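One-letter residues, chain by chain:
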Amino acid sequence: MYVLDNAIGGKRAPSASARTAPVFNPATGEEIGAVPLSAIAEIDAAVENAKQAQPAWGNLTPAKRASVFFKFAEKLHKHGDEIAREISREHGKTHADALAEVARGVEIVEFACGIPHLLKGEYSRNVGPSIDSYSDRQPLGVVAGITPFNFPAMVPMWMYPLAIASGNAFVLKPSERDPSASLMCWELFMEAGLPPGILNIVQGDKVAVDAILDHKDIKAVSFVGSTPVAQHIYERGSKAGKRVQALGGAKNHMIVMPDADLDMAANALMGAGYGSAGERCMAITVAVPVGEKTADALIARMKPMVEQLKIGPSSDREAEMGPLITRAAQEKVKSYIDSGVAEGAELVVDGRNFSLQGYEDGFFVGGTLFDRVTPDMKIYQDEIFGPVLSTVRASSYEEAVQLIHNHQYGNGTAIFTRDGDTARAFASDIEVGMVGVNVPIPVPVAYHSFGGWKQSLFGDHSIYGPEGVHFYTRLKTVTSRWPSGVKEGAVFTFPSMK
Ligand code: NAD
């Protein structure tokens, strides 16, 4: 059994809190560690250290800051495999999936290496007689991030690299379910030359989160997690005068048009529906085949594939998906399957009784496929966050689109079709933040930005990419004139440059 530390002021700092939470190996069900649930005083200490360290870091040349990121990226590449193992141990996802998560996180660190270019302002000469103007993006000071369990390395990296590269100091509150990966990355960042106090990690739960939201010296908060908590973060953080971006849950639909390549669509649904046991905010959880013929053909392809899913612990390198994160998540997902059956959906593949020899106490649920799901059902309306794919049959493209428009979430969506007109209309009209055309998980690359619409994002900024730089900086515009220019007396009218 190991006990997690905090990291404050450049050092590992064992928590003084008497409260702890267990960390499990979800594949075996075994309790393997304990994470402290830090007290308000520990957030205060982290913020104080960040506040002391930030001005010197923020005043370094951006190129000097970038040099630390080049070294950090190199170390992440070198130690990616170890980080992935730790992610799999506490989260349960397959090793290949954990490696892919680390790779997507490193992409953001590499993007942050370009910070001198990203912070470049705009300049206009002669905005008035002998007057020039330029804009500058300056750091906010101390900023914070609160992250979910499902990407314990990547989602924190959606936040702290760009915040820190922009000249801020950062306080991270990782998920208490799989907290080790963040600490490993912190260690590598320190070895790369990050000054003490610029990245601080405080383990914890709602107590630490609310202390972040209320702290007067924290200027901005990034959050990724479930929608009810995202809404709480947005409301409480905004009320305390902070800039807030709070990314929430999802229910991502994939439309399959009659002209789609059905093998391609079925394979896409397998990966996007069951990869990481459906514990992804960009998982496809609703398949929407258009027309009965398309639906019948799709279900006929999917049924054997779901039945034959290779499910196992991350030590099994052949496994395609692993267990869920906790016993509570396992029970919740099974009860959703019960409710789908009770509400009259057709259960094509039932994952409730899945059991793996030698791993009987693991938090596994087998791949589950529903057909003839309708919009009034709970399994359609709620985010289940498990390996459960619902099929809603639509009679037309318009009906499929209407379904998506009526849903509370608007994170990701996809359409599978060979028709350019339909694809273009879909991409242009659909009320969802991230859209795939024959791409089931359209997570934007590091130099674009990630964000949903509707109940999937509270706040004005998407995360990482150019929007990330904007979120973590404030704009200053300077207008200057030198005395050798125009001579004029006192002017009492509003300045006009004509
Ligand atoms: P969660 O909301 O339970 O927890 C997220 C964070 O909030 C954790 O650090 C947790 O400690 C903290 N927290 C939990 N309850 C809290 C409360 N009442 N008050 C204050 N803080 C609280 O989410 P999770 O279960 O860790 O992650 C899964 C969820 O995250 C899913 O809904 C998924 O869709 C979502 N998610 C969204 C995105 C996205 O980009 N939109 C990405 C990844 C995950």
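Residues numbered from 1 in each chain as written. Predicted model: local features only at pLDDT ≥ 70, side-chain atom pairs only at ≥ 80, totals over all residues. Heavy atoms only, no water.

## Section: helix α13 (residues 397-406)
Along α13, the residues classified as buried are Tyr397, Ala400, Val401, Leu403 and Ile404. Viewed end-on, α13 has its buried residues packed into an arc of 150°, placing them on one side of the element. Residues of α13 that are exposed and angled more than 90 degrees away from the buried face: Glu398 and Asn406. Along its buried surface, α13 packs onto β13 (252-256), β14 (284-289), α12 (378-381), β19 (412-416), α14 (420-429) and β21 (453-454). (Buried < 20%, exposed > 50% of the residue type's maximum accessible area, 1.4 Å probe, protein only. Helix = DSSP H or I, 4+ residues; strand = E, 2+ residues; numbered from the N terminus. Arc of directions from axis to C-beta. Contact = heavy atoms within 4.5 Å.)

## Description of the side chain of Glu86
Tracing the sequence through the fold places Glu86 in helix α2 (residues 62-91). Look at Glu86 and you get buried, because its relative accessible area is 15%. Setting aside anything within four residues of it in sequence, one finds Glu86 in contact with Tyr2, Ser180 and Met184.

## Remarks on unusual backbone geometry
We note that Ser130 has phi near 60°; this positive angle belongs to a residue other than glycine. For Ser130, the location among the structural elements is in the loop between β6 (123-128) and β7 (131-139). Its identity is not glycine, yet Ser276 carries a phi of approximately 55°, on the positive side. Judged by its relative accessible area of 6%, Ser276 falls in the buried class.

## Some remarks on the domain arrangement of the protein chain
Considered domain by domain, the protein chain is made up of domain 1 (2-248 + 456-478) and domain 2 (252-437). Summed over both partners, the interface of domain 1 with domain 2 buries about 1900 Å², with 61% contributed by carbon and sulfur atoms. Counting every contact that joins domain 1 to domain 2 gives 1 salt bridge. In this structure, Arg280 engages Asp97 in a salt bridge whose closest nitrogen and oxygen atoms are separated by 3.0 Å. Applying the counting rule to domain 1 against domain 2 returns 6 residue pairs in polar contact (both at pLDDT 80 or more). Broken down by secondary-structure element, the contributors of at least two residues to the side of domain 1 that touches domain 2 are α2 and α3 (95-112). Here the element with the most residues in the side of domain 1 that touches domain 2 is α2; it accounts for 4 residues. Split by residue class, the side of domain 1 that touches domain 2 holds 5 nonpolar, 10 polar and 6 charged. (Domains from an automatic or database assignment. Buried area = accessible area lost by both parts, 1.4 Å probe. Salt bridge = Lys/Arg side-chain N within 4 Å of Asp/Glu carboxyl O. Polar contact = N/O pair within 3.5 Å; in protein donor to acceptor, adjacent residues only side chain to side chain. Nonpolar A, V, L, I, M, F, W, Y, C, P; charged D, E, K, R; others polar.)

## What to know about the pairing of β13
Most of β13 sits out of view: 5 of its 5 residues are buried. Residue alternation in β13 divides its side chains into two sets, Asn252, Met254 and Val256 and His253 and Ile255, and both sets are buried. The pairing of β13 with β14 spans 5 bridges and is parallel. Opposite Ile255, over in β14, you have Val288 as the bridge partner. Tracing the backbone out of β13, into helix α9 (residues 262-274) and back to the parallel element β14 gives a crossover that is right-handed. One ladder, built from 4 bridges, connects β13 with β19; its direction is parallel. Directly across from Met254, in β19, lies its bridge partner Ala414. (Pairing = 2+ DSSP bridges. Right-handed = clockwise from strand over helix to strand, strands pointing away.)

## Comments concerning the pattern of salt bridges
Considering all chains together, one arrives at 26 salt bridges under this definition. Here Glu292 makes a salt bridge to Arg393, at a shortest N to O gap of 2.6 Å. Of this pair, Glu292 sits in helix α10 (residues 292-307) while Arg393 sits in the loop between β17 (388-391) and α13, and the two are 101 residues apart along the sequence. Judged by relative accessible area, which is 44%, Glu292 ranks as partly exposed. Put simply, Asp382 and Lys378 hold a salt bridge, and the shortest N to O gap is 3.3 Å. Of the residues examined, Lys378 reaches a relative accessible area of 39% and is grouped as partly exposed. What emerges from the salt-bridge pattern is a single network uniting Glu292, Asp296, Glu346, Asp371, Arg372 and Arg393.

## Considering the packing of aromatic side chains
In the structure shown here, the tally under the stated rule is 12 aromatic pairs. Geometrically, the ring pair formed by Phe69 and Phe189 is edge-to-face, given 5.3 Å between the ring centres and 75° between the ring planes. Pair noted here: Phe69 is in helix α2 and Phe189 is in helix α6 (residues 180-191), with a separation of 120 residues, a long-range link. Like Phe69, the residue Phe189 is buried in the burial classification. Three or more aromatic residues joined by ring pairs make a cluster, and in this case those are Phe69, Phe72, Tyr160, Phe170 and Phe189. (Phe/Tyr/Trp six-rings, centres within 6.5 Å; stacked < 30°, edge-to-face > 60°.)

## A short note on the site of the ligand
Taken together, 26 residues sit near the ligand, with Lys173, Glu176, Ser226, Gly248 and Glu383 positioned nearest. With respect to the ligand, the backbone of Phe149 contributes an N or O atom lying 3.1 Å from an oxygen atom. Here Glu383 contributes a side-chain N or O atom positioned 2.6 Å from an oxygen atom of the ligand. In isolation the ligand has 840 Å² of accessible area, and contact with the protein removes 86% of it. (Near = heavy atom within 4 Å. Areas by Shrake-Rupley, 256 points an atom, 1.4 Å probe, with all protein chains shown as cover.)

## Describing helix α11 (residues 327-342)
Taking 1.5 Å of rise per residue, 16 residues should cover 22 Å, and α11 covers 23 Å from first to last C-alpha, within 8% of that figure. Taken residue by residue, α11 has Ala329, Gln330, Val333, Tyr336, Ile337, Ser339 and Gly340 as its buried positions. Residues of α11 that are buried sit in contact with β15 (346-349), β16 (368-371), α12 and β17. Immediately downstream of α11, the backbone of Gly344 shows phi near 100°, a positive value. (Expected span 1.5 Å × (residues − 1).)

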